[in-house]
Amino acid sequence: MLAKTFGCVRFIYNRMLSDKIKCYEETKQKLNNTPAQYKKEFGWLKEVDSLALANAQMNLQTAYNNFFRNPKMGFPKFKSKKSNHRSYTTNYINGNIIIENGCIRLPKVGLVKVKQHRQIPANYKLKSVTVSQTPSGKYYASILFEYEKQVQEKEPQTFLGLDFSMHELYKDSDGKEPAYPGYYRQAEKRLKHEQRKLSKMQKGSNNRRKQRIKVAKLHEKVANQRKDFLHKQSRQIAKANDCVCIEDLDMKAMSQSLRFGKSVSDNGWGMFTSFPQYKLEEQDKLLVKVDRFFASSQICSSCGYKNPDTKDLSVRVWDCPECGAHHDRDENAAINIRNEGMRLVTA
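Everything numeric in this text was worked out from a predicted model, so none of it was measured.

Conventions used here
Residues numbered from 1 in each chain as written. Predicted model: local features only at pLDDT ≥ 70, side-chain atom pairs only at ≥ 80, totals over all residues. Heavy atoms only, no water. Helix = DSSP H or I, 4+ residues; strand = E, 2+ residues; numbered from the N terminus. 1 Å grid on protein atoms, 1.4 Å probe; cavity = no way out; pocket = protein on both sides within 12 Å on 5 of 7 lines; lining within 4 Å. Points joined across faces, edges and corners; volume = space filled by probe spheres on them. Nonpolar A, V, L, I, M, F, W, Y, C, P; charged D, E, K, R; others polar. Pairing = 2+ DSSP bridges. Axes fitted to C-alpha atoms, helices over the stretch in contact; angles between N-to-C directions. Contact = heavy atoms within 4.5 Å. Parallel < 35°, antiparallel > 145°, perpendicular 65-115°, else oblique. Left-handed = near helix turned anticlockwise from the far one by under 90°. Expected span 1.5 Å × (residues − 1). Buried < 20%, exposed > 50% of the residue type's maximum accessible area, 1.4 Å probe, protein only. Arc of directions from axis to C-beta.

At Lys-28, a residue that is not glycine, the phi angle is positive and equals roughly 60 degrees. The residue Lys-28 is located in the loop between α1 (2-27) and α2 (50-69) in this model. Positive phi, normally seen in glycine, also occurs at Leu-169, with a value near 80 degrees. If you trace the backbone, Leu-169 turns up in strand β8 (residues 169-172).

Quick look at empty space enclosed by the protein now. Over the atoms rolls a probe the size of a water molecule, and in doing so it shows where empty space is left. Applying the stated criterion across every chain yields a total of one cavity of 30 Å³ or more. Counted as a void, the largest cavity has a volume near 40 Å³. If you trace the largest cavity, you find it lined by Lys-154, Glu-155, Pro-156, Asp-242, Asp-284, Lys-285 and Leu-286. The class makeup of the residues in the lining of the largest cavity is two nonpolar, no polar and five charged.

This part covers the sheet that holds strand β6 (residues 139-146). Strand order in the open sheet made by the three strands is β1-β5-β6, with antiparallel pairing throughout. Only two strands of the sheet have a single neighbouring strand rather than two, namely β1 (86-91) and β6. The mean angle between the axes of side-by-side strands here comes to 20 degrees, regardless of whether they run parallel or antiparallel. Here six bridges tie β1 to strand β5 (residues 125-133), and the two strands are oriented antiparallel to one another. Opposite Arg-86, over in β5, you have Gln-133 as the bridge partner. Against the sheet, α1 makes contact with β1, β5 and β6, and its axis sits at roughly 90 degrees relative to β1, the strand it touches most.

This part is about the packing of helix α4 (residues 206-240) against helix α7 (residues 269-282). At a minimum axis separation of 9 Å, α4 and α7 run at an interaxial angle of 40 degrees. By the angle between their directions, the pair α4 and α7 is classed as oblique. Relative to α7, the crossing made by α4 is right-handed. Counting all contacts with α4, which are made through Lys-227, Leu-230, His-231, Gln-233, Ser-234, Arg-235, Ile-237 and Ala-238, the residues of α7 involved are Met-271, Phe-272, Phe-275, Pro-276, Tyr-278, Lys-279, Leu-280 and Glu-282. Looking at the contact of α4 with α7 residue by residue, the classes come out as nine nonpolar, three polar and four charged.

Let us now look at the pairing of strand β4 (residues 110-113). Of the strand pairs in this sheet, strand β3 (residues 103-106) and β4 are connected by four bridges, and their pairing is antiparallel. Following the sheet pairing, Arg-105 is matched in β4 by Leu-111. Here β3 hands over to β4 after three residues, with Lys-108 in that stretch at a positive phi of 70 degrees.

A few words on the layout of surface pockets. The space that makes up the largest pocket amounts to roughly 2,000 Å³. Considering the residues around the largest pocket, the lining is formed by 43 residues, among which His-117, Arg-118, Ala-141, Ser-142 and Ile-143 are closest to the centre. Secondary structure elements with two or more residues in the lining of the largest pocket: β3, β4, β5, β6, α4 and α7. For the lining of the largest pocket, the element with the highest residue contribution is β6, accounting for seven residues. Split by residue class, the lining of the largest pocket holds 21 nonpolar, ten polar and twelve charged.

Right, let's talk about α7 for a bit. The end-to-end C-alpha separation of α7 is 21 Å, in line with the 20 Å expected for 14 residues at 1.5 Å each. Listed in full, the buried residues belonging to α7 are Trp-269, Phe-272, Thr-273, Phe-275, Pro-276, Lys-279 and Leu-280. Each buried residue of α7 sits inside an arc of 155 degrees when the element is viewed along its axis, so together they form one side.

Shown next as structure tokens:
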């Protein structure tokens, strides 16, 4: 039933997108179509959860409208049947979803055993469930709850600045660095070996399917190791500081323009910046993002002199011509980011 639902959600998304494109090409008008219009022609769509199809329609409509508002966001793409990451979302209506006794009851699916990660407080209201399947074949149910919380605004007392570092993940304004292990680089040799074996196998064969899952599990392990490390680091930072200041970097552009693709992607800086944000908000603390064009590496944190010679990334240490202060590039940048964040908060 889960596989059937994944397939129906993909089909209805692609069919509705195709009809929207055809209508616009012929009439220059937007087509507002719904899954109900296709159930007579494709009777098997009635066999799966109707709310899953409705959510696919909403996702498509949002992506479609966003393109017309801002073409830079890109036109919606068709969902590939060959993609090994599948998901669908269903909503809670009239008690159709229940979590009890180590099981979850889903519409059209019934009771499914689950490993529940945490207990749910009584005042939480269940809103929706997203069921997904990873490339390695594991199933996950991400459950969304709504709850009330009174935010207590307080003036931050302790500030910390973080500057992105390719090898250590970051360097903070206190001169500390977490020494990121580089999980992808550690697994790269084995991944290379297994992916070479996969590329030589006959497409559609059972051995290729087994090898694909083997490669997917290796990638999944690296991703899980990275997430575990980032969660632990962000929790330590959120506990110890009232306000964390970081640069709002464009990691995709950085990996492409500087040709540091694997190294930039390996430490997961973009993912890391999202983790302390909600951890800080839970404690009524702040995350401040400093503009990416702020010259944090060029400014002397002692006197404010801007040194244009430090634009070159090969310059790791430098002395200020004005005050003579000796700077480590990353630590100096982290201090400047912290100071800029403090200025933004007080402003």
